[in-house]
Amino acid sequence: GLLQAAEKEKEKEAGGSPNDRLSVAIVGVNGRGTSHMSAFAGKKDTEVTYICDVDKVVAEKRADEIEKKQGRRPKVEADVRKVLEDKSVDIVSTAT
């Protein structure tokens, strides 16, 4: 009852539950990966937190595009293993 109502109010003030927004890493963003970006960036329930591509120039460009869509810049990483080590990532979308 009262405790649950207080917890829900606390979640609202904090921007919701951590499960309200899923953290997404997109691997491979030079071709088909752009459609993966569109599927996740700027949505209310997902946030692209990583762009992973071996081509640093392409990765930085895509990170700029995502920042414009969602208001926050994702981290850029060339090594997918480093992305997978981050336990805050909920979804890994691969397009290579």
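Note that this is a predicted model, so its numbers are computed, not measured.

Draft legend 1. Highlighting the nonpolar core. Ile 26, Val 29, Met 37, Phe 40, Val 48, Ile 51 and Ile 66 are the most contacted members of the largest nonpolar core, which has 13 residues in total. Broken down by secondary-structure element, the contributors of at least two residues to this core are strand E1 (22-27), helix H2 (33-40), strand E2 (46-52) and helix H3 (56-70). Setting aside residues no more than four positions away along its own chain, Val 48 makes contact with Val 24, Ile 26, Phe 40, Ala 41, Ile 66, Gln 70 and Pro 74. Among the nonpolar cores identified, the runner-up in size contains six residues, and Ala 25, Tyr 50, Cys 52 and Val 83 belong to it.

Draft legend 2. Spatial organisation of the side chain of Arg 62. Its place among the elements puts Arg 62 in helix H3. Here Arg 62 falls in the buried class, since its relative accessible area comes to 10%. A distance of 2.8 Å separates a polar side-chain atom of Arg 62 from the backbone oxygen of Val 29. The contacts of Arg 62, once residues within four sequence positions are left out, are Val 29, Asn 30, Thr 34, Met 37 and Ile 51.

Draft legend 3. View of the side chain of Ser 23. Its location among the elements puts Ser 23 in strand E1. Polar contacts involving the side chain of Ser 23 include one to the side chain of Thr 49, which spans 2.6 Å. For Ser 23, the residues in contact, after removing those within four places along its chain, are Glu 47, Thr 49, Ser 88, Val 89, Asp 90 and Ile 91.

Draft legend 4. Here's a closer look at the pattern of salt bridges. All told, the structure shown has six salt bridges when counted by the stated rule. In this structure, Arg 81 and Asp 79 form a salt bridge, with 3.0 Å as the shortest nitrogen-oxygen distance. Classification of Arg 81 by relative accessible area gives exposed; the value is 58%. Here the salt bridges share partners, and the residues they tie into one network are Lys 56, Glu 60, Asp 64 and Arg 73.

Draft legend 5. Structural context of the environment of Gly 71. Take Gly 71: it is sitting in the loop between H3 and strand E3 (75-77). Given the relative accessible area of 62%, Gly 71 is considered exposed. In this structure the C-alpha to C-alpha distance between Gly 71 and Glu 47, which are 24 residues apart in sequence, comes to 9.7 Å.

Draft legend 6. Representation of the environment of Val 48. Structurally, the position occupied by Val 48 is in strand E2. Classification of Val 48 as buried rests on a relative accessible area of 0%. On a C-alpha basis, the gap between Val 48 and Val 92 in space is 9.8 Å, while along the polypeptide they are 44 residues apart.

Draft legend 7. Highlighting the confidence of the model for the protein. Of all residues in the protein, 80% attain a pLDDT of 70 or more, and the chain-wide mean is 87. Per-residue pLDDT, averaged within each element of the protein, yields its smallest value for helix H1 (residues 2-13) (54) and its largest for E3 (98).

So, how was this worked out
Residues numbered from 1 in each chain as written. Predicted model: local features only at pLDDT ≥ 70, side-chain atom pairs only at ≥ 80, totals over all residues. Heavy atoms only, no water. Core = buried A, V, L, I, M, F, W, Y, C linked by side-chain atoms within 4.5 Å. Buried < 20%, exposed > 50% of the residue type's maximum accessible area, 1.4 Å probe, protein only. Helix = DSSP H or I, 4+ residues; strand = E, 2+ residues; numbered from the N terminus. Contact = heavy atoms within 4.5 Å. Polar contact = N/O pair within 3.5 Å; in protein donor to acceptor, adjacent residues only side chain to side chain. Salt bridge = Lys/Arg side-chain N within 4 Å of Asp/Glu carboxyl O. pLDDT = per-residue confidence, 0-100.

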